[in-house]
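Fold and contact review
The chain contents come next:
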Amino acid sequence: MKNKTLIGLAVLAALGSSPAMAKVVKGTVNNAQGEPVQGAEVRIEGSKRVTYTNELGHYLFDNVKIEHIHLHVYSSDYVHGDNDLGNVSSDQTVDFTLVPVSVENIVVTASVLGSSVLESVTPVSVIGQDELRRLQAETLGETLKKTPGVHSTYFGPVSSSPVIRGNDGPRVKIVQNSLDVSDVSRIGPDHNVAANSSSATQVEILRGPATLQYGSGAIGGVVNVVDQRIPNEVPAELSGEVEANYATVNNGKYGRFNLNGGQNNFAFHVDGFSRKTGNADIPGFASAEPDGDEEAGVLENSQMDTTSITAGLSLVDEEGYFGFAVEKLDNLYGVPGHHGHHEDGKEEGLEEEHEEEGTRLDVDMTRYQAAGEWYSPIAGLSTIKFAAAYTDYEHVELEGDDIGTRFSNKGSDMRLTAHHKDIADWHGVVGVQYHNSDYIADGDEAFTPPTETQTAAIFLIEQKKVGSALFEFGGRLETTEYSAQDMDFELEAVALDHDEEHEDAHDEEHAHTFSFDDYRFVSSSLSAGVNWEYTPGYSVAVTLSRNERAPSQQELFSAGQHLATQTFEVGLVYDMDEDGEVSDTLKPVKEEVSTNLDVTFRKFSGIGGYSLSFFYNDASDYIYQSATGLIALSEHEEEGVEEEAGHEEEGLPVYYFRQADARLYGLEAEGFIDLSNTLRVSLFGDYIRAKIDSEDLPRIPPLRLGSTLSYQDDSVNADVSVTWYNEQDKVASYETTTDSYTLVDASVEYTMPGDLEWSVYARANNLLDEEARVHTSFIKDMAPLPGRNFTVGTRLVF
């Protein structure tokens, strides 16, 4: 410890800064009525010094050695308080009067400036730990789908990703502790997100562009799963949590634990979970138009067997911390509606056996994360933060016991940010980020070439508070480079309405081998926003941004059958005409550019509260998949093999990635009113429109409205909720409409009296056993939501 301190002093001396004299900082935290606020967190920016107010609202820091004192006070029941004292050399007494709020005001860690929910200039939702435990589902998309503006891709109960304002895939960034998860969930909807919320302390959802901090892949939004795998302080005592439950709808068994502890300068964290389910029960048939052989009441191939273990260790010192964590994930799950491809020469009986069993995905992932923070490293900087992750991800698609396709991705993500002290009342952060991924797909469903992606960026975000208004400005410059290996591309296509007279025109081979030059994109993003509390307890936030997005590797290089979506995909770089003829020459591709306006109204005082957001996105060169009216013939048809009587010809519809101008707009709303100290009524809803010229974009969520009646006292927490999804008839030309449906859920939890927080709970989902098909799902006509489900469980917190 002494050596480390001496090293720090030497560095400061070399940079022209001398250590400050030790001093005492103390004070009282009261509310607007003069009553003490107990348990508020008081923090000195640029140091590890944190304390909590006592029952009298008092706090005390002794032996404070840093020269620049900037105090922050946090409590989820009050507006964030801060006071920048500047450089001081004597003892200080600083009192705070906090303004109460009716909504939970949580600090958003995904914001590099550490803004709270109510300070954010852009729409943000934070789901806290208790709410997460109640909403916990098998997948991240299903866990978050009740958040305004957020839906799910729902590829059965085994795989789903969040859809934010109609955006998914490469437009929504999934991060764990602000670092890219580096799986392959952005490549296909049947690939589950390799980030789970089982031990998360909160999940943060940034709705709308977040490219300034997270790059062009976040043009639609960000989901940040926050956990304690790398502790940044030493706990005062050992703490943890154990939980187990059982679900009737799929015979699901789930158990998890987490443990936090430490001693002296070391802190550790361990967590793990196991989930095993069978096929899900459903009302009616899986298929929207079932044949005579289909079994009712079960969604075949929707089982899951998952285990995960995570461990982390940190060294914590007066000058900062550094920690390291390792996660191991194994996940074997079936994919409803997904049957693999079989090479010619396979025995017919074996093929039928594989089709009956269905395709399964076997995931093996190891993720390493490191994080650190150096407090007040040099004069002018309050903090330097470092975070890095390396992910070794692989999954194989099993057809019976045979491997059909192997997907792997080795990804690195690194971030370094420096927070400067106030300059003319402006405080902010400058950061750099580097990301590298090495993606390989090998097998029947390898529809994109092996590709190495490198991204480097620099960004700056600044804030200034003027009276009751908080101003924020920022910019980012990013380069993205793709190095793709050679790709064999063979397409034999006919029009959907072709006849035998025209088949001869498509008899010749259309095989190409493409060699790609490196594709390099330079993307810039700018944003300006203000959050103005125009009257106490009411605010309006307005943000205008211009964002550029580099195309993803799938959008660029796809050239083959994507069995999960039952399509044949053709990427942007290929020059294909309306007859399916592909040129030997590759096309240039532009970045997608989006101009976005967000307006958010908030009420956060009194016996109720609300948040109402309007958004409008005007995108040029928007990247989308367009139906071509062509069918990619299978190998059987290319060889002239006759189909059996009564069977449709084999082949997949050809979808071509194109660019055009688009408009996306809509609104999100949520609010509540407290009927008493124990009863609350909540409402939420969202509506989204997305159009290319005069045509609707596909898989856009319908109008949704929901309401919850909740009861909470010292030992009982209960609620009943109703969510209505409207019919979606505003569809793309190649889509079908989706019927409306209503879901009714309920839950009750009882906490036993005593020193330990031991609770038992019961939950019910889809109480009306409604047949519900999700319009945002690629397989909505093959996989409805699970039927009526009851879950019982118990949880112990110590």
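Residues numbered from 1 in each chain as written. Predicted model: local features only at pLDDT ≥ 70, side-chain atom pairs only at ≥ 80, totals over all residues. Heavy atoms only, no water.

1. Concerning the overall build of the chain
Quick reminder of the rule: A run of H or I in DSSP becomes a helix once it reaches four residues, and a run of E becomes a strand once it reaches two; helices and strands are each numbered from the N terminus. It is over C-alpha atoms that the radius of gyration is taken, and the globule rule equals 2.2 Å times the number of residues to the power 0.38. Throughout this description, buried means an accessible area under 20% of the type-specific maximum (1.4 Å probe, protein chains only), exposed means over 50%, and partly exposed covers the range between. In this analysis, two residues are considered to be in contact whenever any of their non-hydrogen atoms come within 4.5 Å of each other. Per-residue and other accessible areas were derived by the Shrake-Rupley procedure at a 1.4 Å probe size, with only the shown protein chains allowed to occlude residues. In this tally, Asp and Glu contribute negative charge and Lys and Arg positive charge; neither His nor the terminal groups of the chain are included. In plain terms, the charge of a residue is placed at NZ if it is Lys, CZ if Arg, CG if Asp and CD if Glu.
Within the chain, the secondary structure is distributed over eight helices and 47 strands. The globule rule puts the C-alpha radius of gyration for 798 residues at 28 Å, and the 27 Å found for the chain is close to it. Counting only C-alpha atoms, the chain reaches 95 × 55 × 50 Å along its principal axes. Across the 798 residues of the chain, 54% fall into the buried class. Partitioning the contacts of the chain with sequence separation of at least 6, the portion at a separation of at least 24 is 66%. Total accessible area on the chain is roughly 34100 Å²; 52% of this is exposed by carbon and sulfur atoms. Mean positive and mean negative side-chain charge positions of the chain (54 and 135 charges, respectively) differ by 13 Å.

2. A word on the side chain of T451
Threshold: The term polar contact refers here to a pair of N or O atoms within 3.5 Å; inside protein, the definition further demands a hydrogen-donor-capable atom paired with an acceptor-capable atom, and it admits residues adjacent in sequence only when both atoms are side-chain atoms.
Relative to the helices and strands, T451 is located in strand β27 (residues 451–466). A polar contact is formed between the side chain of T451 and the backbone oxygen of P449, at a distance of 2.8 Å. Non-local contacts of T451, meaning those with residues more than four positions away in its chain, are made with S437, D438, Y439, Y482, S483, A484, Q553 and F557.

3. A closer look at the environment of H427
Mapped onto the elements of the fold, H427 is located in strand β26 (residues 426–443). Separated by 90 residues in sequence, H427 and G337 place their C-alpha atoms 52 Å apart. With near-sequence residues (within four places) excluded, H427 lies in contact with L113, H420, D422, I461, E462 and Q463.

4. Here's the deal with the pattern of salt bridges
Cut-off, in case you're wondering: Just to be clear on terms, a salt bridge is a Lys or Arg side-chain nitrogen sitting within 4 Å of an Asp or Glu carboxyl oxygen.
Applying the stated criterion across every chain yields a total of 35 salt bridges. Among the salt bridges present, the one from E592 reaches R171, with a minimum N-O distance of 2.7 Å. Remark: R171 occurs in the loop between β11 (162–164) and β12 (172–176) and E592 occurs in strand β38 (residues 592–603); sequence separation between them is 421 residues. Taken as a pair, E592 and R171 share a single burial class, namely buried. Look at the salt bridges and you will find they share partners, linking R133, E241, E243, R256, E749 and R795 into a network.

5. With respect to the side chain of S116
Note that S116 resides in the loop between β8 (96–98) and β9 (124–128). You can call S116 buried: its relative accessible area is 1%. Other than its neighbours up to four places away in sequence, S116 contacts H80, N105, I106, V107 and V108.

6. Details of the sheet that holds strand β5 (residues 68–74)
To keep it simple, the criterion reads: The pairing criterion for strands is at least two bridges between them, as found by DSSP. Axes here refer to lines fitted to C-alpha atoms; in helices the fit is confined to the stretch in contact. Angles between the N-to-C directions go from 0 to 180 degrees.
Read across the sheet, four strands follow the order β3-β2-β5-β6 without closing on themselves; strand pairing throughout is antiparallel. At either end of the open sheet lies a strand with only one pairing partner, and these are β3 (50–52) and β6 (81–87). When the angles between neighbouring strand axes are averaged without regard to direction, this sheet yields 15 degrees. Two elements, strand β2 (residues 41–44) and β3, share three bridges in a ladder whose sense is antiparallel. Its bridge partner lying in β3, E41 is registered against Y52.

7. Details of the packing of aromatic side chains
Put simply, the rule reads: Two rings belonging to Phe, Tyr or Trp (six-membered ring only in the last case) form a pair when the distance between their centres is within 6.5 Å. Interplanar angles under 30 degrees mark stacking, angles over 60 mark edge-to-face geometry, and anything in between is tilted.
Here the structure, examined in full by the defined rule, presents 20 aromatic pairs. Centroid distance F489 to F568: 6.3 Å. Interplanar angle 25 degrees. Geometry classified as stacked. Of this pair, F489 sits in strand β29 (residues 487–490) while F568 sits in strand β35 (residues 567–570), placing them 79 residues apart in sequence. Accessibility expressed as a relative area gives 0% for F489, which makes it buried. On the accessibility criterion, F568 (8% relative accessible area) is buried. Among the aromatic residues, those joined into a ring-pair cluster are Y482, F489, F514, F516, Y519, F521, F557, F568 and Y574.

8. Looking at the environment of P235
Secondary-structure assignment places P235 in the loop between β15 (221–226) and β16 (239–247). Through-space distance from the C-alpha of P235 to that of G261 is 5.7 Å; in sequence the pair is 26 residues apart. Apart from the residues within four sequence positions on either side, P235 is in contact with N260, G261, G262 and A267.

9. Regarding the environment of I282
You can see I282 is positioned in the loop between β19 (280–281) and β20 (298–299). When residues no more than four places from it in sequence are discounted, the contact partners of I282 are G297, V298, L299, P784, L785, P786 and G787.

10. Thoughts on unusual backbone geometry
Phi is positive for N177, close to 55 degrees, though the residue is something other than glycine. Note that N177 resides in the loop between β12 and β13 (179–180). Even without being glycine, D425 reaches a positive phi, approximately 70 degrees. On the secondary structure map, D425 appears in the loop between β25 (402–423) and β26.

11. Some thoughts on a nonpolar patch on the surface
Put simply, the rule reads: Any residue with relative accessible area above 30% and no salt bridge may belong to a patch, with like charges joined within 9 Å and the nonpolar Val, Leu, Ile, Met, Phe, Trp and Tyr side chains within 5 Å.
The grouping of F322, F386, M414, L416, V430, V432, I458, L460, L477 and V522 at the surface amounts to a nonpolar patch, some 810 Å² of accessible area in total. Mapped onto the nonpolar patch, the elements with two or more residues apiece are β25, β26 and β27. With respect to the helices and strands, F386 occurs in strand β24 (residues 381–399). Among the residues examined, F386 registers a relative accessible area of 32% and is labelled partly exposed.

12. Focus: the pairing of strand β37 (residues 582–586)
Bridging between strand β36 (residues 574–576) and β37 involves two bridges; their strand directions are antiparallel. Directly across from Y574, in β37, lies its bridge partner L586. Here β36 folds back onto β37, and the loop between the two strands holds five residues, one of which, G580, carries a positive phi near 85 degrees.

13. Comments concerning the sheet that holds β15
The sheet built from five strands is open, its strands ordered β9-β14-β15-β12-β13 with mixed pairing. Across the chains shown, the open sheet's two edge strands, defined by having one partner strand only, are β9 and β13. Of the pairings in the sheet, the one linking strand β14 (residues 202–207) to β15 comprises six bridges and is antiparallel in character. By the bridge assignment, E204 is partnered in β15 with N224.

14. Considering the pairing of strand β28 (residues 469–484)
Where β27 and β28 come together, 16 bridges link them in antiparallel fashion. The residue of β28 that forms the bridge with K464 is F471. The antiparallel pairing of β27 with β28 creates a hairpin that spans two residues between the two strands, and G467 there sits at a positive phi of about 65 degrees. In terms of strand pairing, β28 meets strand β32 (residues 519–535) through 14 bridges, oriented antiparallel. Residue E472 lies in a different strand from β32, and its bridge partner there is G529.

15. Focus: a negative patch on the surface
There is a patch of like negative charges on the surface, built from D77, E104, D130 and E757. Here E104 lies in the loop between β8 and β9. On the basis of relative accessibility, which here comes to 54%, the residue E104 falls in the exposed class.

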